[in-house]
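Residues per chain are reported as follows:
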Amino acid sequence: MYEIIGSPTSRAFRVMWMLEELGEPYKVQKEQPRSEAVKALNPSGKIPVFKDGNDVITDSTAIMTYLADKHGALTFPAGTLDRARQDALTHCILDEIDAVLWTAARHTFVLPEEKRLPAIKDSLKWEYERTINRLMESLEGPYLMGETFTIADILLAHCGTWARSAGFPSDNARFAEYVKACRARPAFQKLTGK
């Protein structure tokens, strides 16, 4: 059985959603970042930490990619143009949305107070909205890769939820519909109903 170490209110949620989509059994050891249990497996103290037997993987996207490749689901095959397009979307989301939200979080509660720059949030919100608009302009189906739901969709829908709770509202109606459709998936509903 797979094991996720981390908090369901963190990026560990992405991995949990992935496993629900795959229908794979898993257990969650609830831990906060930098706990002793986490640092024993990941010296950075970051969550999630994922265990497949005795093997440990860190970073939510690396974990999801591993699971997608291992189970042949929620991804296109490595070495195909569709996989390259999927990976390009994944990296865009990580670089231009996830990183923006993480920077805002760092300047809200992560960094020591004397290192925080609250004024940076205005430019981060602008950057976030610009990227959302660009992604939605190129949306060719219900999901980022058309009819196929992939790990890129888990990332973007999770970021959309994170953004709303972090005060990064989007007025892009297509994005609101997209996130709603992703969250309506049975795996997401099962997870949030737990």
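In case you missed it, the structure is sitting above this.
Computed from a predicted model, the values in this text were never measured in an experiment.

What counts and how
Note that residues are indexed from 1 along each chain, following the sequence as it is written. A pLDDT threshold of at least 70 governs which residues receive local features in this predicted model, and a stricter bar of 80 or more applies before side-chain atom pairs are shown or counted, although totals over entire chains, interfaces and linings include all residues. Computation of side-chain values: all heavy atoms of the structure, hydrogens and water removed. Angular values range over 0 to 180 degrees, each being the angle between N-to-C directions of two axes fitted as lines to C-alpha atoms, with helices fitted over their stretch in contact. In this text, helices come from DSSP runs of H or I with a minimum length of four residues, and strands from runs of E with a minimum of two, each type numbered from the N-terminal end. The scheme is simple: roughly parallel for angles under 35 degrees, roughly antiparallel for over 145, roughly perpendicular for 65 to 115, oblique for anything else. Left-handed describes a crossing whose near helix is turned anticlockwise from the far helix by less than a right angle; the clockwise case is right-handed. By definition in these notes, contact holds between two residues if any of their heavy atoms fall within 4.5 Å. The residue classification treats Ala, Val, Leu, Ile, Met, Phe, Trp, Tyr, Cys and Pro as nonpolar and Asp, Glu, Lys and Arg as charged. All others, Gly included, are polar. Between any two strands, at least two bridges found by DSSP are needed for them to pair. When the strands point away from the viewer and the path from the first strand over the helix to the second turns clockwise, the crossover is right-handed. Polar contact is defined as a pair of N or O atoms within 3.5 Å, subject to the rule that within protein one atom must be able to donate a hydrogen and the other to accept it, and that residues adjacent in sequence are counted only when both atoms are side-chain atoms.

Description of the packing of helix 1 (residues 12-22) against helix 6 (residues 151-165)
Argument step 1. The contact between helix 1 and helix 6 brings their axes to 10 Å, and the two run at 135°. Between helix 1 and helix 6, the interaxial angle falls into the category oblique. Where helix 1 crosses over helix 6, the two elements pack in a sense that is right-handed. Between helix 1 and helix 6, the contacting residues are Phe 13, Arg 14, Trp 17, Met 18 and Glu 21 on the first element and Ile 151, Ile 154, Leu 155, Ala 157, His 158, Cys 159 and Trp 162 on the second.
Argument step 2. Grouping the constituent residues of the contact of helix 1 with helix 6 by class yields 9 nonpolar, 1 polar and 2 charged.

Considerations on the pairing of strand 2 (residues 26-30)
Argument step 1. Pairing geometry for strand 1 (residues 2-6) and strand 2, over 5 bridges, is parallel. Paired with Tyr 2 across the two strands is Tyr 26, which belongs to strand 2.
Argument step 2. The parallel pair strand 1 and strand 2 is bridged by helix 1, and the resulting crossover is right-handed.

Some words on the side chain of Asn 172
Argument step 1. Within the element layout of this structure, Asn 172 appears in the loop between helix 6 and helix 7 (173-183).
Argument step 2. Side chain to side chain, Asn 172 and Asn 133 meet in a polar contact 2.7 Å long.
Argument step 3. Each residue touching Asn 172, except ones within four places of it in the same chain, is listed here: Glu 129, Ile 132, Asn 133 and Met 136.

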